[in-house]
Amino acid sequence: MNKSTRKAIIAGNWKMNKTRPEAKELLEAIKPLVANAEGNVEVIACVPFTNLETAINTTAGSNVKVGAENVHFEKSGAFTGEISADMLAELGVEYVVIGHSERRQYFGETDETVNKRLLAAIGGGLKAILCVGETLEQREQGITEEVIAMQTKIALQGTCEKCIKNVVIAYEPVWAIGTGKVATPEQAQDVCAFIRKTIAGLFNQEVADGITIQYGGSMNAKNCAELLAKPDIDGGLIGGASLKAEDFNTIVQAAVNG
Ligand code: PGA
């Protein structure tokens with residue numbers, strides 16, 4: 001299947017950055033720059049919980065969509081400090097990042113909790129950006145594919161052919177996140193193609209051909225075009241470079257042209 005029939009998605013992952021006034025300023029700068037991507041490339045800003053309402057108000061009427069960076073798996077109850085899918089959906093949030101490696105690494109997330117969060121997100125009407133990726137040690141041990149297959153299969157347990165349409169997968173090698181050490185376009189392409197093959201095995205070729213797979217990990221204004229030109233890389237999940245309007249826009253434009 002030709003990549004141009006899939007939805008290209010460029011998503012910023014702001015992580016723990018920006019106060020509300022700063023968020024408004026950045027989004028006001030991004031909006032006019034990326035307006036031409038409408039109908040061609042989906043543009044998303046995944047922002048801290050405290051910035052969600054500001055982001056939704058600031059992007060209203062534009063083609064910039066808003067995402068959260070995590071969601072809890074229960075609907076409600078005694079879970080101090082957590083946020084549910086219903087709370088996010090009611091705000092007008094459309095996307096949520098699930099299973100980011102920083103959540104796995106620093107906050108004890110496992111493939112099982114990632115699965116529960118993903119089911120809660122799509123069950124609550126959100127679209128999930130599911131992150132998978134191997135560590136440097138795992139890559140050097142030659143078990144990248146095993147790790148990616150396991151993370152993908154466990155995260156998607158209990159999903160159906162219909163609801164998988166609300167899932168985007170982001171391949172983010174842990175060793176490339178925030179390190180400036182980007183995967184080569186070939187390395188990124190190989191794993192994205194492998195993820196698509198894994199999806200074909202779990203569902204069927206049609207589902208695999210339709211799912212958007214992003215690359216993330218030190219993607220920036222300089223290296224984005226080469227990565228986004230690869231046949232199985234349908235977009236990017238951008239950390240550091242999403243905090244600068246010009247750089248983020250360069251990546252959006254590379255997707256528009258790619
Ligand atoms: P980075 O982060 O672009 O700063 O490497 C990517 C991510 O964590 O999603």
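Counting starts from 1 at the beginning of each chain's written sequence and moves along it residue by residue. Totals for whole chains, interfaces and linings use every residue, but because this is a predicted model, local features are given only for residues with pLDDT of at least 70 and side-chain atom pairs only at 80 or more, for both listing and counting. Calculation of side-chain values draws on the structure's entire complement of heavy atoms; hydrogens and water are dropped beforehand.

For this analysis, a salt bridge means a side-chain nitrogen from Lys or Arg found within 4 Å of a carboxyl oxygen belonging to Asp or Glu. One pass over the structure, following the stated rule, counts 17 salt bridges. For E94, the salt bridge is made with K127, and the minimal N-O distance between the two is 2.8 Å. With E94 in the loop between helix 3 (85-91) and strand 4 (95-98) and K127 in strand 5 (residues 127-132), this residue pair connects regions lying 33 residues apart in the sequence. Across the pair R196 and D234 runs a salt bridge whose closest N-O atoms are separated by 2.8 Å. Residue R196 is found in helix 8 (residues 185-202), and its partner D234 is found in the loop between helix 10 (224-228) and strand 8 (235-238); the two are separated by 38 residues along the sequence. Neither R196 nor D234 differs from the other in exposure class; each is buried. Look at the salt bridges and you will find they share partners, linking K7, E42, K65, E94 and K127 into a network. Numbering goes from the N terminus for both helices and strands, where a helix is a DSSP run of H or I of at least four residues and a strand is a run of E of at least two. Exposure classes here rest on a 1.4 Å probe applied to the protein chains alone. A residue is buried below 20% of its type maximum, exposed above 50%, and partly exposed in between.

What follows is about the packing of helix 7 (residues 144-155) against helix 8. Here an axis means a line fitted to C-alpha atoms, over the contact stretch when the element is a helix, while the angle between two N-to-C directions is reported on a 0 to 180 degree scale. Packing of helix 7 against helix 8 leaves a shortest axis separation of 10 Å and a crossing angle of 45 degrees. By the angle between their directions, the pair helix 7 and helix 8 is classed as oblique. In this structure, the crossing between helix 7 and helix 8 has a hand that is right-handed. Residues T144, E145, I148, A149, T152 and K153 of helix 7 touch helix 8, and the partners they reach there are V191, F194, I195, T198, I199 and L202. Angles are sorted into four bins: roughly parallel if under 35 degrees, roughly antiparallel if over 145, roughly perpendicular if 65 to 115, and oblique for all others. For any helix crossing, the convention is left-handed if the near helix is rotated counterclockwise from the far helix by under a right angle, and right-handed if that rotation is clockwise. We call two residues in contact whenever any of their non-hydrogen atoms come within 4.5 Å of each other.

Note on terminology: near, applied to a residue and a molecule or strand, indicates that one of the residue's heavy atoms is within 4 Å of it. Around the ligand, a shell composed of 13 residues is seen, among which K15, H100, E172, G178 and S218 lie nearest. Here a polar contact is taken to be a pair of N or O atoms separated by no more than 3.5 Å, where protein atoms must pair a possible hydrogen donor with a possible acceptor and residues adjacent in sequence count only if both atoms sit in side chains. The separation between an oxygen atom of the ligand and a polar side-chain atom of K15 is 2.7 Å. Contact distances for the ligand include 2.6 Å between an oxygen atom and a backbone N or O atom of G178. Areas reported as accessible are Shrake-Rupley estimates using a 1.4 Å probe. Residue values count occlusion only from the protein chains shown. Here the ligand loses 95% of its free accessible area of 280 Å² to cover by the protein chains. Taken together, the residues of the shell around the ligand sort by class into four nonpolar, seven polar and two charged. Asp, Glu, Lys and Arg are counted as charged, while Ala, Val, Leu, Ile, Met, Phe, Trp, Tyr, Cys and Pro are counted as nonpolar; the rest, among them Gly, fall into the polar class.

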